[in-house]
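# Examination of the molecular architecture
Here's the letter readout for the chains.
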Amino acid sequence: MPKVDALDLTNLNPYDVLKADVLDVITESPTIKTFRIKPEKPFEFVTGQFVELTVPGIGEAPFTPSSSHYEKEEMDITIMKVGFVTEAVHRVKRGDVLGIRGPYGKGYPLDKFKGKDVLILGGGVGLAPLRCLLLTLIHDIDDYKSITICFGARTPEDLIYKNQFDDWRKYDKIHILRSVDMIPEGQKWDEKVGVVTVLLDDIKINTKDAVAVACGPPIMMKFGTFALVDKGFKDENIYLSMEKKMYCGFGQCRHCVIGKYYACKDGPVFTYDVIKDEEKIWE
Ligand SMILES: Cc1cc2nc3c(=O)[nH]c(=O)nc-3n(C[C@H](O)[C@H](O)[C@H](O)COP(=O)(O)OP(=O)(O)OC[C@H]3O[C@@H](n4cnc5c(N)ncnc54)[C@H](O)[C@@H]3O)c2cc1C
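The shown structure was predicted, so the numbers you read here are calculated from the model rather than taken from an experiment. (Residues numbered from 1 in each chain as written. Predicted model: local features only at pLDDT ≥ 70, side-chain atom pairs only at ≥ 80, totals over all residues. Heavy atoms only, no water.)

### Brief notes about the sheet that holds strand β1 (residues 18–27)
- The sheet built from 6 strands is open, its strands ordered β4-β3-β6-β1-β2-β5 with antiparallel pairing. Every other strand in the sheet has two partners, leaving β4 (59–63) and β5 (75–80) as the edge strands with one partner each. Strand-to-strand twist of the sheet, defined as the mean angle between neighbouring strand axes without regard to direction, takes the value 35 degrees.
- Summarising the sheet, strand β3 (residues 50–55) and β4 pair through 5 bridges and their orientation is antiparallel. Paired with Val55 across the strands is Gly59, a residue of β4. (Pairing = 2+ DSSP bridges. Helix = DSSP H or I, 4+ residues; strand = E, 2+ residues; numbered from the N terminus. Axes fitted to C-alpha atoms, helices over the stretch in contact; angles between N-to-C directions.)

### Let's talk about the sheet that holds strand β12 (residues 238–241)
- One open sheet holds the 7 strands; their spatial order is β10-β9-β8-β7-β11-β12-β15, and the pairing between them is mixed. Only two strands of the sheet have a single neighbouring strand rather than two, namely β10 (192–193) and β15 (269–271).
- Where strand β7 (residues 117–123) and strand β11 (residues 211–215) come together, 5 bridges link them in parallel fashion. Among the inter-strand pairings, Leu121 is bridged to a residue of β11, identified as Ala214.

### What about the pairing of β7?
- Within β7, 7 of the 7 residues are buried, which leaves the element mostly enclosed by the surrounding structure.
- Side chains Asp117, Leu119, Leu121 and Gly123 project from β7 onto one buried face, and the interleaved Val118, Ile120 and Gly122 project onto a second face that is buried too.
- As defined by bridge partners, β7 adjoins strand β8 (residues 146–153) across 7 bridges and the pair is classed as parallel. In the sheet register, Leu119 faces β8, and the bridge partner there is Thr148. (Buried < 20%, exposed > 50% of the residue type's maximum accessible area, 1.4 Å probe, protein only.)

### Some points on the pattern of salt bridges
- Inspection of the entire model under this criterion finds 19 salt bridges.
- The salt bridge involving Asp111 is made with Lys114; its shortest N-O contact spans 3.3 Å.
- With a relative accessible area of 64%, Asp111 lands in the exposed category.
- The exposure class assigned to Lys114 is partly exposed, which follows from its relative accessible area of 39%.
- Between Arg178 and Glu191 there is a salt bridge, with its nearest N and O atoms 2.7 Å apart. Of this pair, Arg178 sits in strand β9 (residues 174–180) while Glu191 sits in the loop between β9 and β10; the two residues are 13 residues apart in sequence, bridging distant segments of the chain.
- Salt bridges here are not isolated pairs; linked through shared partners, they connect Arg36, Glu71, Glu74, Asp76 and Arg131. (Salt bridge = Lys/Arg side-chain N within 4 Å of Asp/Glu carboxyl O.)

### Structural notes on the nonpolar core
- The biggest cluster of nonpolar side chains holds 33 residues, and the ones touching the most others in it are Tyr108, Phe113, Ile120, Leu137, Ile149, Trp168 and Ile174.
- Elements supplying a minimum of two residues to this core: β7, α2 (127–139), β8, α3 (165–169), β9 and β11.
- In terms of residue count, the dominant contributor to this core is α2 (7 residues).
- Once residues within four sequence positions are removed from consideration, Trp168 is found in contact with Arg131, Leu134, Leu135, Ile138, Ile149, Tyr161, Ile174 and Ile176.
- Core analysis: the second largest hydrophobic core is formed by 32 residues, Met242, Cys256, Tyr262 and Tyr272 among them. (Core = buried A, V, L, I, M, F, W, Y, C linked by side-chain atoms within 4.5 Å. Contact = heavy atoms within 4.5 Å.)

If you want it as structure tokens, here you go:
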């Protein structure tokens, strides 16, 4: 059983919840909505970290903000409806009040990305945490060599942030590749068809010296990581956001164990070399 570190509670109650007003609700797809919230005081976090979002009277669940970490007054959280808490969040309207606690975990070490080509590989709602990273990178775009986004969704209707890709394409340093698994009758699509890893055939960067960041459903994380390794990315340059089931968010409840690590406090961002030999990392 992994060792549980004692929490330093001297100055902090780790369960402290801030009230957060819901300013706007944007429907991204049939199952995904973005909630713009305003915490009662400025909220600092680093891209890659996550928060616990509370629906009063219902419960709480972990989510990674989808807005830039430079925004401290307001925050976007993009949420897919999958179960009890997320269904309740999807019923929330502008003017309602939610709770937020955190931030928790370790984010992306952006200093290690500087001067490099950065590849972002996302599937489905996995693009939410990656949009936080992307917007943060855009804020300091001169610091990075290039940013390539490979994004896959099940169908064109399931694509999130549909109206924002054109804004991102305006940057010379940003290259966007998108795919869908299938095109149901009545939906239009003139980009690539296939699972998201097919997009890696079209990337034009020197993978040996580049950084890759992946977030998506477990099956995409597994085959996406194998494909990144195949393309020449080094294990230590592949950053995986491990969205394991978790409750407390800071290493007490033990639900999010990955071998000798906790996804909540040692992650959720891990490089592949660190976790590749741990048991059941893709489940
Ligand atoms: C660090 C972190 C960041 C996350 N960021 C986001 C985000 O930005 N947007 C988003 O939509 N979701 C995100 N998730 C996933 C989100 O936390 C779960 O979807 C949510 O907890 C489900 O709660 P529920 O009560 O609605 O589902 P439940 O009723 O508890 O479960 C419904 C179904 O979802 C499965 N499930 C529950 N939790 C997870 C999980 N963590 N991963 C995979 N399957 C799960 C259950 O096994 C069950 O099949 C993140 C998870 C983690 C750990």
